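Chain by chain, the residues:
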Amino acid sequence: MKMVIFACVHNAGRSQMAAAFFNALSDPAKARAVSAGTQPGERVHPEVQAAMAEVGIDLSGAKPQRLTDELAQSAQWLITMGCGDACPYVPGLKRGDWPMEDPKGKPVERVREIRDDVSARVAELVAREEWAR
């Protein structure tokens, strides 16, 4: 089984959405995802929770967590999402970088656009790597 980490700065928006979409689309026997941040926030942004609820994904129980060396060493993939220089380099991991706008504080229409972009990128990754259910 492959482990994919989606990482952003606060682990309260983009990476939470990506991991949730990934785990909804992927076969758990083939791949799973976690999300983490370089400077984790206190909670998932309310506007992100609301936008994800609109597509049937409940993030109310999700908690931001720090991207640690130990967590990174358990993965085969690291997808960074707008953390720039704060994103770690972990030798041996397959890497992807999805520069994306932070949804924090954005109007609901913009959060939906970011959510849909995240969803499309995750679906493409899952299909390309043949991890689908």
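Residues numbered from 1 in each chain as written. Predicted model: local features only at pLDDT ≥ 70, side-chain atom pairs only at ≥ 80, totals over all residues. Heavy atoms only, no water.

1. What about the nonpolar core?
Grouped together as the largest cluster of nonpolar side chains are 28 residues, with contacts concentrated most on Phe6, Phe22, Met81, Val118 and Val122. Sorting the residues of this core by element identifies β1 (2-8), α1 (14-25), β2 (31-37), α2 (46-53), β3 (77-80) and α4 (108-128) as the ones contributing at least two each. At six residues, the largest contribution of residues to this core is made by α1. If near-sequence neighbours (up to four positions away) are discounted, Val122 is found in contact with Phe6, Ala18, Phe21, Phe22, Leu25 and Trp98. Counting residues in hydrophobic clusters, the runner-up holds eleven residues, among them Ala7, Ala36, Ala72 and Ala75. (Core = buried A, V, L, I, M, F, W, Y, C linked by side-chain atoms within 4.5 Å. Buried < 20%, exposed > 50% of the residue type's maximum accessible area, 1.4 Å probe, protein only. Helix = DSSP H or I, 4+ residues; strand = E, 2+ residues; numbered from the N terminus. Contact = heavy atoms within 4.5 Å.)

2. So, the packing of α1 against α4
The description of two helices packed together rests on the angle between their axes and the distance between the axes. Packing of α1 against α4 leaves a shortest axis separation of 9 Å and a crossing angle of 45°. The angle between α1 and α4 places the two elements in the oblique class. In this structure, the crossing between α1 and α4 has a hand that is right-handed. From α1, Arg14, Met17, Ala18, Phe21, Phe22 and Leu25 reach across to α4, where they touch Ile114, Arg115, Val118, Ser119, Val122, Ala123, Leu125 and Val126. Within the contact of α1 with α4, the residues separate by chemical class into eleven nonpolar, one polar and two charged. (Axes fitted to C-alpha atoms, helices over the stretch in contact; angles between N-to-C directions. Parallel < 35°, antiparallel > 145°, perpendicular 65-115°, else oblique. Left-handed = near helix turned anticlockwise from the far one by under 90°. Nonpolar A, V, L, I, M, F, W, Y, C, P; charged D, E, K, R; others polar.)

3. Details of the packing of aromatic side chains
Taken as a whole and judged by the stated rule, the model has four aromatic pairs. Centroid distance Phe22 to Trp131: 5.6 Å. Interplanar angle 70°. Geometry classified as edge-to-face. Taken together, the positions of Phe22 in helix α1 and Trp131 in the segment after α4 put the pair 109 residues apart, joining distant regions of the chain. Here Phe22 matches Trp131 in class, with each residue buried. Centre to centre, the rings of Trp77 and Trp131 are 5.9 Å apart; their planes meet at 85°, and the pair counts as edge-to-face. One end of the pair, Trp77, is in strand β3; the other, Trp131, is in the segment after α4, and 54 residues separate them in sequence. Here the aromatic residues Phe6, Phe22, Trp77, Trp98 and Trp131 are joined through ring pairs into a cluster of three or more. (Phe/Tyr/Trp six-rings, centres within 6.5 Å; stacked < 30°, edge-to-face > 60°.)

4. Concerning empty space enclosed by the protein
Considering all chains together, one arrives at one cavity of 30 Å³ or more under this definition. Considered as a void within the structure, the largest cavity measures approximately 40 Å³ in volume. A per-class count over the lining of the largest cavity returns four nonpolar, four polar and two charged. (1 Å grid on protein atoms, 1.4 Å probe; cavity = no way out; pocket = protein on both sides within 12 Å on 5 of 7 lines; lining within 4 Å. Points joined across faces, edges and corners; volume = space filled by probe spheres on them.)

5. Side note on the sheet that holds β1
Read across the open sheet, the four strands follow the order β2-β1-β3-β4; overall the sheet is parallel. In this open sheet, the two strands that pair with only one neighbour each are β2 and β4 (94-97). Taking the axes of each pair of neighbouring strands and ignoring which way they run, one obtains an average angle of 20° across the sheet. As paired strands, β1 and β3 are joined by four bridges and run parallel to one another. Its bridge partner lying in β3, Ile5 is registered against Leu78. The sheet strands contacting α1 are β1 and β2, and the helix crosses β2 at an angle near 170°. (Pairing = 2+ DSSP bridges.)

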